[in-house]
Amino acid sequence: MSALAPYACDPERSRGRRIAEPSAPPRNDHQRDRDRVVHCTAFRRLVYKTQVFVNHEGDLFRTRLTHSLEVAQLGRSIARALALNEDLVEAIALAHDLGHTPFGHAGQDALDDCMKPHGGFEHNLQSLRVVDVLEQRYPRFDGLNLTLETREGILKRCSLKIAEQMQAEEPDGPARRIVAGEQPSLEAQLANLADEMAYNAHDVDDGLRSGLLAMTQLTEVPLFADHRAAALMDHPQLQQAPERRLLAETLRRLLSAQVADVIAATIANLQSHAPGNADAVRALPAMVQFTPPMREQVTALKRFLFAALYRHPQVADTTLRAREVVRALFAAYADAPQQLPDEHRLAHRQIGLRAVADYIAGMTDRFASREYLRLTGQVAFEGQ
Ligand code: MG
């Protein structure tokens, strides 16, 4: 790694792991975190979990695995330009969706409804729970025993009530900055923004390729239309080429423009506030940001995606069905815990319905559909 900026998180000054471990040269602690994430079970499952489209709807759409890789790529590029800790950004990016339920947001909302009387369900919190508790791969501890910096980035945000509970259990832990009303590290801020950049771009891509969005709709979104026009201006032959090529060039430009914008805006923010070290960042406003004009354009794109894609009747139908499937699974295991596999049945005796939520949250789309068929005799989604 090249020299870190003074406000970057230096692995040599990590706030450490919950259980002390000897270091593992030549890797530093944040590289080691990243490697632990890549080798964990929940990471492999991301390949069969989806964001907007359910896994069986097509093989070409993003899964949470490809999404996480895109977030890591964008995050690393920007981190390098800002002399931030690339390895930490990568570790956070690769782990940020580990706690996501099957069937995207629909699954998470349904699980939250089911768990409301029992402490609720938040996917960021669940991602942290995966790396802190649920992975069982090491002889001496549960979870992956990651550094505080990585854990704080994974938690991202949670309700204040939960943060206060976490704080009581671990005063110097990942919730401390939420209770204190402070920002996380620049690396965590960056992973969060890279997440937003990645899904905006790939949801446009998947939306168009699925046929749920039409190019004519997108030409009304300035951020997209401007880059499409510029691509055509530079490469007029794209007019005759298959639309895929123009779409790819448009999205490439759209992402590059956002990357350049974030780098410029963040450098300007850091220059004006001049934090002397990584801790000084916390009391400042968020430093890793778009410029106001880019933020406005990105917000317009998000608004468009919300109305045209996430609320598309076909997506809404799948969403409704996904909620029913998750609710039915929850009810089935809650009524008959003997249906849980041994390990989860044991956990259910100790922590009650939280064990059911953990089990369902860990499922891939396919496995959840199969369990639904087994437990209810019904097919989860038509066409499966
Ligand atoms: Mg994400």
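Structure first, text after, so check above.
Residues numbered from 1 in each chain as written. Predicted model: local features only at pLDDT ≥ 70, side-chain atom pairs only at ≥ 80, totals over all residues. Heavy atoms only, no water.

Peer 1: I'd like a rundown of the packing of aromatic side chains, residues and numbers included.
Peer 2: Per the stated rule, a full pass over the model turns up five aromatic pairs. Measuring from centroid to centroid gives 5.2 Å for phenylalanine 103 and phenylalanine 381, while their planes differ by 65 degrees, and the two rings are edge-to-face. Linking phenylalanine 103 in the loop between α4 (86-95) and α5 (104-115) with phenylalanine 381 in the segment after α18 (365-376), this pair joins segments that are 278 residues apart in sequence. By the burial criterion, phenylalanine 103 is buried, and phenylalanine 381 matches it. Taken together, a centroid distance of 6.2 Å and an interplanar angle of 85 degrees make the contact between phenylalanine 306 and tyrosine 310 edge-to-face. Of this pair, phenylalanine 306 and tyrosine 310 both sit in helix α14 (residues 292-310), four residues apart, which is roughly one turn of that helix. In this structure tyrosine 310 comes out as partly exposed when scored by relative accessible area, which is 25%. Here a set of aromatic residues connected by ring pairs shows up, and it is made of Tyr333, Tyr359 and Phe367. It is arginine 36 that lies over the ring of tyrosine 138; its NZ or CZ is 4.8 Å from the centre. (Phe/Tyr/Trp six-rings, centres within 6.5 Å; stacked < 30°, edge-to-face > 60°. Helix = DSSP H or I, 4+ residues; strand = E, 2+ residues; numbered from the N terminus. Buried < 20%, exposed > 50% of the residue type's maximum accessible area, 1.4 Å probe, protein only. Lys NZ or Arg CZ within 6 Å of the ring centre and 35° of its normal.)

Peer 1: Break down the pattern of salt bridges for me, citing the residues and quoting the values.
Peer 2: The tally for this structure, following the rule as stated, stands at 40 salt bridges. Here arginine 253 and aspartate 234 are joined by a salt bridge, their closest N and O atoms 3.0 Å apart. Taken together, the residues span a long stretch of sequence, with arginine 253 in helix α13 (residues 243-273) and aspartate 234 in helix α12 (residues 222-234) at a distance of 19 residues. A residue is classified by how much of its surface remains accessible, and arginine 253, at 18% relative accessible area, is buried. The network of salt bridges with common partners includes Arg27, Arg34, Asp35, Arg76, Arg80, Glu86, Asp87 and Glu90. (Salt bridge = Lys/Arg side-chain N within 4 Å of Asp/Glu carboxyl O.)

Peer 1: Now, about the coordination of the magnesium ion: what can you tell me, with residues and values included?
Peer 2: Within the protein, the magnesium ion binds to His67 (NE2), His96 (NE2) and Asp195 (OD); these donor distances fall in the range 2.1 to 2.3 Å. Here the donor residues of the magnesium ion are spaced in sequence according to H-x28-H-x98-D. With histidine 96 in the loop between α4 and α5 and aspartate 195 in helix α10 (residues 186-210), this pair connects stretches of sequence that are 99 residues apart. Here the two residues histidine 96 and aspartate 195 agree in accessibility, since each one is buried. (Donors = N, O, S within 2.8 Å, 3.2 Å for Na, K, Ca; no water.)

Remember that the coordinates give geometry; whether it matters functionally is a separate question.
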